[in-house]
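# Examining the three-dimensional arrangement
Listed below, chain by chain, are the residues.
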Amino acid sequence: MKLAMILAILLMLVGGCSTAQDSPISGTQDLVLNEQDLQQLGVTRNLNAQNLQQLGITENGTNCHTEGNYSNIVDSSQGQYSICIYLIPSLNGTEVIIQLQKFADYEALNGSYQYDSSHLYSVEGLISENDFGDQSRFRVNNVNDYGGQFNEPGMYYYHLWFTKGLYLVHITSSGRSKEAKEYIAEIGRMVLEKFG
């Protein structure tokens, strides 16, 4: 009888763990904005050849590039990587770049997150922390950032970083409109919803 109860408890634990880890996301490609997302946001694909080339996007007719076997710069662990570029037409062509990374483990994820989101930035540009999850930072450029004195006057560079599971999402924009802040936040919420 005791053995049957122990087995039943073990089966519930194993079953509970396996369903808790189920996710609709199998890789970074699942987080890329689709046509319905773009229409809802009022955002379009940026297919400018020069902009695509600068980001290393060489596929014809697409604004995204995905690498299935991506080496993390911080510790050389393997993961996945996608990068996409978009335009916000209503904000005079403000550009938005979304970088999506999936890491092999939490140590690689946390190291990359800390490096990407804080090592060149001053506290003055911080808009919020933890509004998009436990590890999130939302900021705008500031003259006190490393190299901030070289930013073109009147240009706004918004950055939103957040993590979910083994994923790191970085959404950034460049343009002359302060209203891009709202778009970046909405894009962040939309990507988070894809995790289910």
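Starting afresh in each chain, residues are numbered from 1 along the sequence in its written order. Reporting in this predicted model follows two pLDDT cut-offs: at least 70 for local features of residues, and 80 or more for side-chain atom pairs to be given and counted; totals over whole chains, interfaces and linings ignore these cut-offs and use all residues. With hydrogens and water set aside, each side-chain value is computed from the structure's full complement of heavy atoms.

### Details of the pairing of strand β3 (residues 78-88)
The classification of residues rests on relative accessible area computed with a 1.4 Å probe and restricted to protein chains. Under 20% of the type maximum is buried, over 50% is exposed, and intermediate values are partly exposed. Secondary structure elements follow DSSP: runs of H or I of four or more residues count as helices, runs of E of two or more count as strands, with numbering from the N terminus. For β3, the tally of buried residues reaches eight of eleven residues, placing the bulk of the element in the interior. Sheet topology places strand β1 (residues 44-45) next to β3; two bridges connect them, and they run antiparallel. Counterpart to Arg 45 in the pairing with β3 is Tyr 86. In sequence, β3 turns back onto strand β4 (residues 94-102) through a hairpin of five residues, with Asn 92 there showing a positive phi of about 55°. Only strands joined by at least two bridges in the DSSP assignment are considered to pair.

### Here's the deal with the confidence of the model for the chain
A score between 0 and 100, pLDDT records how confident the predictor is in each residue. Summarising the model, the chain shows a mean pLDDT of 85, and 85% of its residues fall at 70 or more. Mean pLDDT across the elements of the chain bottoms out in helix α1 (residues 2-20) (41) and peaks in helix α5 (residues 180-193) (97). In the model, residues 1-21 has pLDDT below 50 throughout and makes zero contacts with residues more than four positions away in sequence or in other chains. Note on contacts: a residue pair is in contact if any heavy atoms of the two residues lie within 4.5 Å.

### A look at the state of the cysteines
Cysteine sulfurs are considered disulfide-paired once they come within 2.5 Å of each other. One pass over the full model with this rule turns up one disulfide. Between the sulfur atoms of Cys 64 and its disulfide mate Cys 84 the distance is 2.0 Å. Around the S-S axis, the bridge from Cys 64 to Cys 84 shows a dihedral of about 120° and counts as right-handed. In this pair, Cys 64 is assigned in strand β2 (residues 64-71) and Cys 84 in strand β3, connecting sequence segments 20 residues apart.

### Thoughts on the packing of aromatic side chains
Aromatic pairs are defined between Phe, Tyr and Trp rings, using the six-membered ring for Trp, whenever the two ring centres lie within 6.5 Å; interplanar angles under 30 degrees are classed as stacked, those over 60 as edge-to-face, and all others as tilted. With the rule as written, the count across this model stands at six aromatic pairs. When the centroid spacing of 6.2 Å and the interplanar angle of 85° are considered together, the rings of Phe 132 and Phe 138 count as edge-to-face. The exposure class of Phe 132 is buried, given its relative accessible area of 8%. Ring centres 5.5 Å apart and planes at 70° place the aromatic pair Tyr 167 and Phe 195 in the edge-to-face group. In this pair, Tyr 167 sits in strand β8 (residues 167-175) while Phe 195 sits in the segment after α5, placing the two residues 28 residues apart along the sequence. Across the pair, exposure class does not vary: Tyr 167 and Phe 195 are buried alike. Members of the aromatic cluster, each reached through a chain of ring pairs, are Phe 132, Phe 138, Tyr 156, Tyr 158 and Phe 162.

### A closer look at α5
Expected helix span is given by 1.5 Å per residue-to-residue step, counting one fewer step than there are residues. Between the first and last C-alpha of α5 there are 20 Å, a value that for 14 residues agrees with the 20 Å anticipated at 1.5 Å per step. All of the buried residues in α5 are Ala 180, Ile 184, Ala 185, Ile 187, Gly 188, Met 190 and Val 191. Buried residues belonging to α5 abut α2 (35-41), β4, β6 (136-140), β7 (156-164) and β8.

### A short note on the pattern of salt bridges
In the sections that follow, a salt bridge refers to a side-chain nitrogen of Lys or Arg positioned within 4 Å of a carboxyl oxygen of Asp or Glu. According to the stated counting rule, one finds six salt bridges in the structure shown. Between Glu 129 and Arg 137 there is a salt bridge whose closest N-O contact spans 3.2 Å. The buried category is assigned to Arg 137, whose relative accessible area is 16%.

### Focus: the side chain of Asp 37
Take Asp 37: it is sitting in helix α2. Relative accessible area serves as the criterion here: at 9%, Asp 37 is assigned to the buried category. Among the polar contacts listed, one links the side chain of Asp 37 to the side chain of Lys 194, at a separation of 2.6 Å. Once residues within four sequence positions are removed from consideration, Asp 37 is found in contact with Val 32, Met 190 and Lys 194. Pairs of N or O atoms within 3.5 Å make up the polar contacts considered here, provided that, within protein, one atom can donate a hydrogen while the other can accept it, and that residues adjacent in sequence are counted only when both atoms are side-chain atoms.

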